Structure formats: C-alpha cells, structure tokens
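Tertiary structure, described
Spelled out, the chains give:
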Amino acid sequence: MMGKSLAEKKGLKKLKTRETIKTVKQPIKRPFNDKPEMTKAAKKPRKKSDDKVANDSLLTSGHSLKELSNSVNQEEDIFREPSVFDNLLKALGSGSEKLATLYKKSESSLGDAEEDDLGEHGPADMLEQTEEDETGDEDGNSDAGDSQDLEISGQTILDEPESTSSFHRHLGHILTNEEVDELMKNKWKFKWELPAISMPVSRWAGTGDQVSMETNSDQNYGLMQKLYNHWLDIYKTSGFSDFDTSRQRFFFSLCSSYRDILHCNKKPFYLKGNEEDSSIMDAYIMHALNHVYKTRDLVIKSDAKLAKHQEGNKEEVLRGGTFLDQGFTRPKVMFILPLGSIALRVVKRLIQLTPISNKANVEHMDRFSEEFGTGDVEDDDEQKDGSSKSQKPAKPADFQILFGGNNNDHFMLGIKFTKRSIKLYSDFYSSDIIVASPLGLITKIGEAEVEKEKDVDYLSSIEVLIIDHADVITMQNWSHVNTLVEQLNRMPFNQHGTDVMRIRPWYLDGHAHFYRQTILLGSFLNPDMNALFNRLCVNHAGKVKSMTEYKGVLPKILLEVRQVYERFDAPSIAEADDARLDYFCKKVFPKIKDSIEGGIMLFISSYFEFVRIRNFLKSQNASFCLLGEYTKQSDISRARVWFFEGKRKIMLYTERAHFYHRYKIRGIQNLIIYSLPERKEFYPEIINMLDGSKNMMCNVLFSRFDHLRLERIVGTSAAKRMLSSDKNIFVFT
C-alpha cells in the first residue's frame, strides 16, 4: 500500500462525468438547480458512450473531474423569473404525483416523527426506508419537551446568543452579489499578525478582523457546555492546568472562527512532536464535535417549534423562512487522512472526547480496531536484499513510528452520532462525519462517474473539511486531494431525504463552497498546498495561515561535507523544470561524463524529473541504475549491488523511494542533489550517506522557485541572501 501500490497510479485519464438528462420515459435525474420545464431539445435520449474507463485509471487520475453542464433550454416567464427555490418546490409538487403525495404526508407527520438521530429529516424517510431502526432501543420517542430544552442525555444545554455565536453568524450570513464577486476573484490580503503560542519562531497572519487572544472561559469559547466540561476534565486529567492559555485552546479559537486555516509548520507525532500534534488534533476534533452537535440542536429546536403548530399552518410557517437549518444531505464534517494508523488515532481520540453520556455504546468498535489496528507487519524490503542483510542499519525512529501501524491508504468510514451512542461504519448518507483517505474517496468518485446508480451526493453539504498530515499525502498523490475538494459542495443529483422547505438558501444558490471551512495541516508547505488554499478555499469568513522563520538543518550533518549550491535562472515557474534539466545537461553532466570515477548518486525529488533524467541518460548511453518508488524489489536489490561494486557509474534515487523505504545506499563517492527534498529531515540523511567517500562533496541545484524548500534546509535568512545575491554559487562546509 505504500511506494509500490502508489507506483501503478500514473495512468492519467479523465473521469467521465454523468450526464443528467435521461429519456422522457425514465425518471429525470438532474441536479437540484435544474428547472423542471424542459424543451424538446433537452428531452433527447442520453447518448451512451462506448468508452470504458478502467478502475485503476479512475483511482489515480491526476486531472480534476470536469462537471458537464446540462444544455437545458429553459422557458422564460414573462411575469417573474422563478428562483432556484421556487423551481425546487415546483419540481417536488409537479414532477411526480407520488412524490407530491409523499411530501404532503411527511409534512403532516412532522410532529409525530421520532427524534433519536442528531441529523436532518425529510420526506425521504418515506421514500427510502433504512434497513435498521434509527432509534433502536436507545430512545422511545422524541418528546417536544426534550427538544424544547435542547437536552443531551439529560443535561440542558443553554444556547449562547446567536449574535455572539460564530456558528450562527457564519452559517446565517447571506452573501450579497458584491461579496460573491469578490470571493470569485480569489484575492486575499493578510492584514494582521499574531504570535503563535508555544512556537517562538512562528506567527499567525489573517484576513479580515483580527482574531482575539483574550480568554473568555465564561462563554466556554463557543463550545457547548457539556463538550467544554468534558474537554476540560480530560485536559486536567492529563496533568495540565493552564487550559485558557494553552496551544490547543488558542487553535480551537481559530477553528471556531470558521476561517480557512493553513498550518503547515505542525511538528508531527512521529518526529518527536507528539504533544504539539495531539494538541492540534484535540482542537480540531472538538471543533468538529461542536459543529455536529450544534447542527443537531438547531434541527431539534426547529422540530419542537413546528410540532406545536396545527397541521394546516405548518406549510405556511415553513414558507416564512424561519426554519432554514439544513443542507442537502446529513454529513457535515470530513476528515482526510493518509494512513489507516492515523485514522485509528484520530477516531479513537474522537470517541474519547465525546461526552460519556453520548457514547454509552460504540457500535462496531471491534471491527474498526481489527481493520484499522496494527496487523502483521510485512517483512522489510531490505531484509530481502542479500547485500545488506548482514549489516542492515536500523530504520530511523520516525519511520518506525509512522509505518509501524496500519499502512492502508485506501479507506472510507462513516460515523453517526445519536443521543446515547456512536455508530461506526454507518451509511454515508446517515453519517455526521466521514473519515477517508484521498485514494478511498477518489475511488467512490470514480465509481459514481462510471456506474449510473451510484453517486457521491453525500459530499454536497460538507461544512467543515479537515486535511491532516498533508505532508504525508504529498508522498502519495496530491492530485487526488485537488480532485476531491473540487467535488465538494456541488448540487446533488437526487433528493436523499431532504426537507426542501428547510434548506438554507445559500445551498440552493450554489454558494455552499463559500461557507465551507477548510483546515489544512502538515509539517511543511509546498506550492501544491498553497495553490489549493488560494484557489479552492474561498470561505467568506476569511483565511488564517501560519508563517515561520526556519533555522535550517545544516547543523544535523555529521560529516565535513563541502556543499556547493548552484543557482540557475528560470523565467517562470512553468519553465522551471525545463530550465533545471537544461542546466544539468549543459553544466553538470559533462563533468560526470568525463569523470572516470563512479559512485555518483543523483537525488531527485519529483518522479517526473526522475523520468526526464532517466530518458536523458539513456540517450547518452550512460552507465546508470534506478532506485525509484516504482522500481521492482528484485531490480532494486540488483541496482544496489551494481552501484556498490562499481558496475554502474550513476544511481538515480527519488525522495518518495526514500520516504517509503529509507534505504542506506553504500558506495556513494559523489552526491548531486538535482532537486531539494520537500522533507527537510531527508537532507542530512542523504548527505550523511557520503560516509566513506574520498571527495566528501555535494552539488545542489536550485532556482528562485525553490524558496520554500531552500529555507527549510539552509534557514530563512540564508535563503533570502542566496536568492537575492548577484552570485550564483554558494558554499557551505
């Protein structure tokens, strides 16, 4: 599931997108924003494509899914142009007599509905019966008194005033056309900065109004009372006492502001950063729980008020717009995580942070522990290599911690909260939280594109998206993240039990992505993360990001190695790869070609750069061997022996191969870093492989577009001097 499983995912094909118009005889399948009236041109039968897309290609497409717009010629109304909401109601009333009848029945039975789930209810409860009884034996009926006092298992939760609640302010704000136009421009100006708690060389920068650093424990920092009390008890039990000034409390305040957050200087748990990583994890989990429970309480409160009205008045009351408290589907929070072991860590902590009275029963916990827990660890690849078996070096501690558990990178899990239980493996449409890996979710998206009976409409109403350990995901396939984020908050194709009279207007207007909060967390920042944060995160509440001054990792080099940095010019970021290859071919390779001595290792960060260098060396009939993330184990063993014995002059070694295997390459006499590694801790590891070399020299190629990587390795101040200097050669010893 690691290097090799990812290696076969380069066949890039565009996923086919489902057309939404069927023949007249079939039920019309369309997004909610399509009008029910259709001209003859729009009623043509759907043209079936003979092309078939292989599942493996679907899972690994590096391209964004392109949504085909429906060519529906809509008839004009000379009196009044109907709104999206009007069209939706008309579709429910006139599109099908059966649907209209069932919808009226659901209206009349609203007051008698059972209320055990923490989610949203609608007419689909009558259209599609679930296999299990939602209420089970946990709760008989949802009494009006229970809803009226907003009780959670016996404790009354006092609502904070909507005027001061960031939850209500964020979701209750209605965007003007001018605000939408500004958000579409993707232009953000960071106006303020704050020092980062417990991170002396870091600071927070944000747009809009400055986040307050003041403590307000009297108001529970926006948390529901029971959640706050439980979190505080756990915090004190862990031996801490300064909750109000803690890192996790401040980060929770950032999360509860509902701004998009980019925090890519988080020290991960596997790099001696367990306390910091756990603090951040606790904060975003509490924010997710708070969002789920507040959403639930808002729905219960509305249900209780509607139950008091007579049957004849309910439709009129609903049309008044007072009870707009739902989205298209129930799932509101999504966690994107790279590995099964990390998902196990997050979900277990999620259960621990849930109040005791709300987790009297955790369903399918045994199955979860079995599937996500530590299984039989596969034999290490190096143990299969006879050349290194006798003197196999120990793997670094961070590798053992990160990959010592479940390394599955293909999973997806629904979590549902009821009054007294947590249900793991719940159906996605009845879940409150979805936990998935990028590959697991992209698989579902691909299946929905090919199989007409499947869809991913449960992604339409995600309001909080949390991507943790983004640095590990970059070692998998970052294009999956771009694809899945683009799929969020689209108009659904089916109703899925939505009570359309209670859908928030900005969902119907197609503005849900302007209300989605995205929290992106990792140990380093790269251009791909920056692009996603700037292009696909358009939250109307604004943005917050961490900024760091790096000291560099040069002191961690144990050997006295002369490191020569050579700067090449690149006109633009689009031409940087070509400029790097051109510089290598003209300036670096001639020296290698004329050299009699072998033992030259080329370290390359990107697989695409790896392929280009491989093809160039082939064209030059050079003596070389390969050690990449897609290289077969038998070929790797052979290449390492050839390189050590001098039978091959050059070895190509990629960063992803090092990430997944952490090989110790022997026989290196000269090291050329074609492109700097993303992960700063790899730099001293690679340099220290020169142990035993006669030359003790390393050449590094860089350009002004490598600023993020460069500053992590040599330090922020040194990187600035190197990029602005008139000189092109810099030496570190």
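Bear in mind the structure is a predicted one, so any value in this text is a computation, not a measurement.

Within the secondary structure, Arg420 is located in the loop between strand S8 (412-417) and strand S9 (421-424). Taking the C-alpha atoms as reference points, Arg420 and Asn358, 62 residues apart in sequence, are found 4.2 Å from one another.

Along the chain, His511 turns up in the loop between helix H20 (505-508) and strand S12 (517-521). When near neighbours in sequence (up to four residues on either side) are disregarded, His511 contacts Val180 and Trp506.

This brings us to the pairing of S9. Covered by surrounding structure in S9 are Ser421 and Lys423 together with Ile422 and Leu424, the residues of both alternating faces. Sheet topology places strand S7 (residues 361-363) next to S9; three bridges connect them, and they run parallel. Paired with Glu363 across the strands is Lys423, a residue of S9. By the bridge criterion, three bridges tie S8 to S9 in an arrangement that is antiparallel. Bridge pairing links Ile415 to Leu424 in S9.

Okay, the pairing of strand S10 (residues 433-436) next. Alternating positions in S10 separate into two faces, Ile433 and Val435 on one and Ile434 and Ala436 on the other, with burial throughout. Summarising the sheet, strand S6 (residues 333-336) and S10 pair through four bridges and their orientation is parallel. What sits directly across from Met334, in S10, is Ile434. Two elements, S8 and S10, share four bridges in a ladder whose sense is antiparallel. Across the sheet, residue Ile415 finds its bridge partner in S10, namely Ile433.

Each pocket or cavity is described by its volume, and for the second largest pocket that value is around 1,300 Å³. Lining the second largest pocket are 44 residues, and of these Leu271, Val553, Lys556, Lys680 and Glu681 sit closest to its centre. Among the elements of the structure, helix H16 (397-403) and helix H26 (682-687) are those that each provide at least two residues to the lining of the second largest pocket. Residue classes in the lining of the second largest pocket are distributed as 18 nonpolar, eight polar and 18 charged.

Let's shift gears to the confidence of the model for the protein. Averaged over every residue, the pLDDT of the protein is 79; the share at 70 or more is 73%. Counting contacts from residues 376-392, a segment whose pLDDT is below 50, to residues more than four positions away or on other chains yields 22 contacts.

What follows is about the nonpolar core. Ranked by size, the top nonpolar core spans 89 residues in total, and within it Trp204, Phe251, Tyr284, Phe335, Ile415 and Val435 carry the most contacts. Among the elements that take part in this core, helix H11 (residues 274-308) stands out by supplying eleven residues, more than any other. The residues contacting Tyr284, other than those within four sequence positions of it, are Cys255, Phe335, Val346, Ile466, Asp468 and Leu521. Core analysis: the second largest hydrophobic core is formed by 36 residues, Val561, Leu627, Tyr653 and Leu671 among them.

Considering all chains together, one arrives at 27 salt bridges under this definition. Across the pair Glu549 and Arg203 runs a salt bridge, and its minimum N-O distance is 4.0 Å. With Glu549 in the loop between strand S13 (543-548) and strand S14 (562-567) and Arg203 in strand S4 (residues 202-206), the pair connects residues that are 346 residues apart, well separated along the chain. Relative accessible area serves as the criterion here: at 24%, Arg203 is assigned to the partly exposed category. Between Asp582 and Lys586 there is a salt bridge, and its shortest N-O distance comes to 3.3 Å.

Rules of the game
- Residues numbered from 1 in each chain as written.
- Predicted model: local features only at pLDDT ≥ 70, side-chain atom pairs only at ≥ 80, totals over all residues.
- Heavy atoms only, no water.
- Helix = DSSP H or I, 4+ residues; strand = E, 2+ residues; numbered from the N terminus.
- Contact = heavy atoms within 4.5 Å.
- Buried < 20%, exposed > 50% of the residue type's maximum accessible area, 1.4 Å probe, protein only.
- Pairing = 2+ DSSP bridges.
- 1 Å grid on protein atoms, 1.4 Å probe; cavity = no way out; pocket = protein on both sides within 12 Å on 5 of 7 lines; lining within 4 Å.
- Points joined across faces, edges and corners; volume = space filled by probe spheres on them.
- Nonpolar A, V, L, I, M, F, W, Y, C, P; charged D, E, K, R; others polar.
- pLDDT = per-residue confidence, 0-100.
- Core = buried A, V, L, I, M, F, W, Y, C linked by side-chain atoms within 4.5 Å.
- Salt bridge = Lys/Arg side-chain N within 4 Å of Asp/Glu carboxyl O.

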